[in-house]
Amino acid sequence: MRLRIGVSTSASEVPWAKVLEPGRAVCYRLLTESAPALAERLHEWGWGDHRMVPFGYSGPVFPRAPRRKGVYSAGGAGYVELGSPLPEVVAAWSVTLTRCEKIDWGGVSLRVEGISLIETESDAQTARWRTRTPVVMKGSGHDDNGVRSTRQAWLLPMEPEFHSYFENNLRRKAETLGLTPDVALEEVTWVGPKRSFAVGDGSKPGASVEVVLRGDAKVLNGIRDWGLGQANAAGFGWVAA
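Residues numbered from 1 in each chain as written. Predicted model: local features only at pLDDT ≥ 70, side-chain atom pairs only at ≥ 80, totals over all residues. Heavy atoms only, no water.

Asker: I'd like a description of the packing of helix α1 (residues 23–34) against helix α3 (residues 87–97), backed by residues and values.
Answerer: Two measures define how a pair of helices packs: the angle their axes make with one another and the distance between the axes. Axis separation between α1 and α3 bottoms out at 8 Å; the angle between their running directions is 85°. In terms of their interaxial angle, α1 and α3 are classed as roughly perpendicular. Across from Cys27, Leu30, Leu31, Glu33 and Ser34 in α1, the residues of α3 making contact are Val89, Ala92, Trp93, Val95, Thr96 and Leu97. Class assignment for the residues of the contact of α1 with α3 results in eight nonpolar, two polar and one charged. (Axes fitted to C-alpha atoms, helices over the stretch in contact; angles between N-to-C directions. Helix = DSSP H or I, 4+ residues; strand = E, 2+ residues; numbered from the N terminus. Parallel < 35°, antiparallel > 145°, perpendicular 65-115°, else oblique. Contact = heavy atoms within 4.5 Å. Nonpolar A, V, L, I, M, F, W, Y, C, P; charged D, E, K, R; others polar.)

Asker: Which residues make up the sheet that holds strand β2 (residues 56–57), and what values go with them?
Answerer: The strand order across the open sheet built from five strands is β2-β3-β1-β5-β4, with neighbouring strands paired in antiparallel fashion. Each edge of the open sheet is held by one strand with a lone partner, namely β2 and β4 (102–105). Strand direction decides the pairing type here: β2 and strand β3 (residues 76–83), joined by two bridges, are antiparallel. Its bridge partner being in β3, Tyr57 is matched across the sheet by Leu82. Sheet contacts for α1: β2, β3 and β4; angle to β4, the most-contacted strand, approximately 145°. (Pairing = 2+ DSSP bridges.)

Asker: Go over the environment of Glu159 with me, naming the residues and quoting the values.
Answerer: Structurally, Glu159 can be placed in the loop between β6 (126–130) and α4 (162–176). The class for Glu159 is partly exposed, based on a relative accessible area of 30%. (Buried < 20%, exposed > 50% of the residue type's maximum accessible area, 1.4 Å probe, protein only.)

Asker: Just give me the short version of the nonpolar core, but keep the residues and values in it.
Answerer: Counting 45 residues, the largest nonpolar core has Leu31, Leu42, Leu82, Trp93, Ile103 and Leu110 as the members making the most contacts within it. With sequence-adjacent residues up to four places away left out, Leu31 is seen in contact with Pro36, Leu38, Ala39, Leu42, Val89, Ala92 and Trp93. Among the nonpolar cores identified, the runner-up in size contains 19 residues, and Leu155, Leu170, Val183 and Ile223 belong to it. (Core = buried A, V, L, I, M, F, W, Y, C linked by side-chain atoms within 4.5 Å.)

Asker: Give me the pattern of salt bridges: which residues, what numbers.
Answerer: Summed over the entire model, instances satisfying the criterion amount to nine salt bridges. A salt bridge links Arg2 to Asp225, with the nearest nitrogen and oxygen atoms 3.4 Å apart. One end of the pair, Arg2, is in strand β1 (residues 2–9); the other, Asp225, is in the segment after α5 (217–224), and 223 residues separate them in sequence. Neither residue differs from the other here; Arg2 and Asp225 are each classed as buried. Taken together, the salt bridges that share partners define one network made up of Arg2, Arg4, Glu81 and Asp225. (Salt bridge = Lys/Arg side-chain N within 4 Å of Asp/Glu carboxyl O.)

Asker: Report on the packing of aromatic side chains, specifying residues and quantitative values.
Answerer: Under the counting rule described, the total for this entry stands at six aromatic pairs. Both rings, one in Phe55 and one in Trp93, keep their centres 5.9 Å apart while their planes meet at 75°; by these two values the pair is edge-to-face. Residue Phe55 is located in the loop between α2 (36–45) and β2, and its partner Trp93 is located in helix α3; the two are separated by 38 residues in the primary sequence. Consider the rings of Tyr57 and Trp105, whose centres lie 6.0 Å apart with planes at 80°: the pair is edge-to-face. Taken together, the residues Tyr57 in strand β2 and Trp105 in strand β4 connect sequence positions 48 residues apart. Tyr57 gets classed as buried once you look at its relative accessible area, which sits at 1%. Overall, the relative accessible area of 2% leaves Trp105 in the buried class. The positively charged end of Arg4 is found above the aromatic ring belonging to Tyr79, 3.9 Å away from the centroid. Residue placement shows Lys173 over the ring face of Trp226; its charged tip is 5.3 Å from the ring centre. (Phe/Tyr/Trp six-rings, centres within 6.5 Å; stacked < 30°, edge-to-face > 60°. Lys NZ or Arg CZ within 6 Å of the ring centre and 35° of its normal.)

As C-alpha cells, then:
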C-alpha cells in the first residue's frame with residue numbers, strides 16, 4: 001500500500017543534502033504519533049528474521065516547479081509518496097496525516113493539502129518497473145583475486161555482481177513478509193546516471209533503473225510498495241507509481 005501526500009511550499013528549492021535524508025525521520029515521526037509500539041519495533045528490531053525495515057518513500061516532487069541547472073527545484077503544488085507492504089504502517093501514517101498541517105522536510109516547510117491511497121495491487125506475475133530514486137546495493141568487496149578489499153563496495157547496475165545481490169535482496173524481502181521467495185530479476189532494461197544522495201550515515205551512490213521481475217503476485221505487490229535494492233527506509237529504490 002502507498003499514500004500520496006499532496007503538499008505545497010513557498011520554497012524555491014530543496015537543498016540536495018535534504019532531498020532524501022529527512023524522509024526517514026518524517027516516516028518514523030508520523031508512525032510514532034499513531035502507533036508508537038510499532039514505530040519502536042521497526043526502529044529497534046526491524047521486521048522478520050532478516051530485521052529489515054519495510055517502508056520507503058519518494059522524497060518531495062514538484063512537477064510544475066521551474067527547472068534550474070544544478071538545483072532541486074521546488075515551489076507550488078507537489079507531493080510526497082510513502083509506501084509499505086505492512087497495512088498497519090500505512091494505516092498509522094494515514095491517521096497522523098489527517099491531523100497534520102505541515103511537514104518539516106529538512107528545513108523546508110511542506111503544507112499538507114490532502115492524502116490519497118494509491119492502488120498498486122496486481123495479479124500479474126511479471127512486472128516492469130522504473131525507480132524514481134537511485135537503487136543502491138552493496139557487493140562482496142572482493143577484488144579480481146577474490147580478496148576482500150573494501151567494506152563499502154557499492155554496486156552499479158551494470159557491474160557483474162549486481163544481478164545476484166539484487167535478486168538475493170528481493171528474496172530476503174519476500175521472506176521478511178512471510179512469503180515464499182518466488183521472485184527473480186529477469187532483465188535490467190534501462191540504467192540512469194550515477195547519483196549520490198546524503199543520508200544519515202553518509203552518501204550512498206547508485207542509479208535509477210528499469211527492471212523486469214518475475215514472481216508470485218503477492219511478492220511483487222509487497223516489493224513494489226517497499227522499494228528495490230537496499231536502504232529503502234532512506235528513500236532509495238522508490239518505484240514510480
